[in-house]
Structure formats: C-alpha cells, structure tokens
Amino acid sequence: MDDSRAFTVDTVLAPVDGSAESVTAVEYAVAVADRYDASVHALFVLGRGVVRGMDAGTVEEAAVAEDTQEFLEDVARIAEGADVSLATSVDDGFSKTRKTLHPGNVVLDTADDIDADFIVLPREPVTDAASAEVLEKAAEYVLSYASQPVLSV
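Presented here is an overview of the structure given in this document. Here the structure is a predicted model, which means the values were calculated and not measured. Residue positions within a chain follow its written sequence, with the count starting from 1. The predicted origin of the model limits local features to residues at a pLDDT of at least 70 and limits the giving and counting of side-chain atom pairs to 80 or more, whereas totals for whole chains, interfaces and linings rest on all residues. The basis for every side-chain value is the complete set of heavy atoms in the structure, and neither hydrogens nor water enter the calculation.

This paragraph deals with the overall build of the chain. In this text, helices come from DSSP runs of H or I with a minimum length of four residues, and strands from runs of E with a minimum of two, each type numbered from the N-terminal end. Assigned secondary structure in the chain consists of five helices and five strands. The secondary structure elements of the chain, listed N-terminal to C-terminal, are β-α-β-α-α-β-α-β-α-β. The buried share of the chain, taken over its 153 residues, is 41%. Contacts in the chain between residues at least 24 apart in sequence constitute 78% of all its contacts with a sequence separation of at least 6. Type-normalised accessible area, obtained with a 1.4 Å probe on protein chains alone, sets the label of each residue: buried when under 20%, exposed when over 50%, and partly exposed for intermediate values. By the convention used here, residues are in contact when the closest approach between their heavy atoms is within 4.5 Å.

Structure (structure tokens):
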C-alpha cells in the first residue's frame, strides 16, 4: 500500500450462505463499512446441493427464495442498525454446464462487478453441512486470488 494515500473503502462485499458464520461476517462487514463510511453488498451464494436440487426438481425454488429472502432481511436489519447502506444479490455457486463456476469465482467476479474495495468472509468451519462446501471453498479461493484486501473472520 502506498503510504502517501489514505486507505479508503467505498464498498465492502460480504459473501453469505445463510449460516451463522456468514452472519458474523456480515457484522464485521458492517463494522468496516461504518468505519469508512462505505456501503455493504451481501452476496448470497447458493450451494451445489441447492442448485442441483432445483435443477432436478427435488428442491423447490420458492422455498429457497423464501429462505434466502428471510436471511437477507436479517442482514438488512444488521446494516440498518449501524445506518450502513446495503445492496444484495444472489448467485449460484456451482453449475453443471460450466466447469469453471466455483463459489470463489462467483465472489471475485461479483467483487469486480460492484467495484468492491474490501471483502469480508467467514473462515471458521461451517456447522451446517449443506452450507459447508460453499463458504469453505469460497474462502480458500478468495484468500488466494483476491486483488482486494480480505478480512477472514
């Protein structure tokens, strides 16, 4: 980092998956955003099992949408509590047709698309087996390849 320029953050990206660990990441992302007068973008990344289940018709898209919306409403309450601006999006972390689609790619592509200056993601082992593969794979990849500063909580 160049010492002649102050460190600034305009947008903090917080990848989430509905787990308790991702709530913690959102809390840290909101704290960083509050400190730098920045906004937070919460990216809900859908896991392999969910995506495959929806493709196969064994998982109801409406139920996934409802669960995702409920979680993002909780995220909105956290951001509102700190008076931090929040944007949200949802994306598939896996694809049967694109071998290169990986949760980490989704996070980094979103970071580029929204011009994120900072990324906050969970590092703790995920207790929910359905979510574990999403955050763990994304964290490992993002920590290795992100061009932005990354806070792993």
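Burial runs high along strand β1 (residues 11-16): six of the six residues are buried. A pair of strands is treated as paired once DSSP finds two or more bridges between them. As defined by bridge partners, β1 adjoins strand β2 (residues 39-46) across six bridges and the pair is classed as parallel. Across the sheet, V16 pairs through a bridge with F44, a residue of β2. The parallel pair β1 and β2 is bridged by helix α1 (residues 20-36), and the resulting crossover is right-handed. Orient the strands so they point away from the viewer, and a crossover whose first-strand-to-second-strand path over the helix runs clockwise is right-handed.

Close approach of charged atoms allows side chains of opposite charge to pair. For this analysis, a salt bridge means a side-chain nitrogen from Lys or Arg found within 4 Å of a carboxyl oxygen belonging to Asp or Glu. Counted by the stated rule, this structure contains one salt bridge. A salt bridge links R77 to D74; its shortest N-O distance comes to 2.2 Å. Remark: D74 and R77 occur in helix α3 (residues 61-81); sequence separation between them is three residues, near one turn of the helix.

Here the focus is the sheet that holds strand β4 (residues 118-121). The sheet built from five strands is open, its strands ordered β3-β2-β1-β4-β5 with parallel pairing. Each having just a single partner strand, β3 (86-92) and β5 (150-152) make up the two edges of the open sheet. For this sheet, the mean angle separating the axes of adjacent strands, direction not counted, is 20°. Judged from the seven bridges that link them, β2 and β3 form a sheet pairing that is parallel. Within β3, the residue paired with F44 across the bridge is V90. Each axis is a line fitted through C-alpha atoms, and for a helix only the stretch in contact is used; angles between axes span 0 to 180 degrees, taken between their N-to-C directions. Strand contacts of α1: β1, β2, β4 and β5, with the helix running at about 175° to β1, the strand carrying the most contacts. Strand contacts of α3: β1, β2 and β3, with the helix running at about 160° to β2, the strand carrying the most contacts.

Now for α1. With 17 residues, α1 should cover 24 Å at 1.5 Å per step; its first-to-last C-alpha distance of 25 Å lies within 8% of that length. Considered for burial, the residues of α1 that qualify are E21, S22, A25, V26, A29, V30, V32 and A33. Positive backbone phi, approximately 55°, marks D37, located one or two places after α1. A helix is expected to reach a length of 1.5 Å times the quantity of its residues less one.

Turning next to the packing of aromatic side chains. Planes of paired rings set the category: under 30 degrees apart is stacked, over 60 is edge-to-face and the rest tilted, where pairs are Phe, Tyr or Trp rings (Trp by its six-membered ring) whose centres lie within 6.5 Å. Following the criterion strictly, the structure yields four aromatic pairs and no others. Ring centres of F7 and F118 lie 6.4 Å apart, and the angle between their planes is 70°; this geometry places the pair in the edge-to-face category. Here F7 is found in the segment before β1, whereas its partner F118 is found in strand β4, with 111 residues between them in sequence. One aromatic cluster is present, built from ring pairs that chain together F7, Y36 and F118. For R35, the ring lying beneath its charged end belongs to Y36, and the centroid distance is 4.8 Å. A ring is considered to have a charge above it if a Lys NZ or an Arg CZ atom is located within 6 Å of its centre and within 35 degrees of its normal.

Turning to the packing of α1 against α3, a few remarks are in order. In contact at an axis separation of 10 Å, α1 and α3 are set at 30° when each is read in the N-to-C sense. By the angle between their directions, the pair α1 and α3 is classed as roughly parallel. Seen from above, α1 lies across α3 with right-handed handedness. Together, S22, V23, V26, E27 and V30 of α1 and F71, V75, I78 and A79 of α3 make up the contact between the two elements. Put simply, Ala, Val, Leu, Ile, Met, Phe, Trp, Tyr, Cys and Pro go in the nonpolar bin, Asp, Glu, Lys and Arg in the charged bin, and everything else, Gly too, in the polar bin. Here the contact of α1 with α3 is built from residues that sort into seven nonpolar, one polar and one charged. The labels follow the angle: roughly parallel below 35 degrees, roughly antiparallel above 145, roughly perpendicular from 65 to 115, and oblique for the rest. The sense of a crossing depends on the near helix, which, turned anticlockwise from the far helix by less than a right angle, makes the crossing left-handed and, turned clockwise, makes it right-handed.

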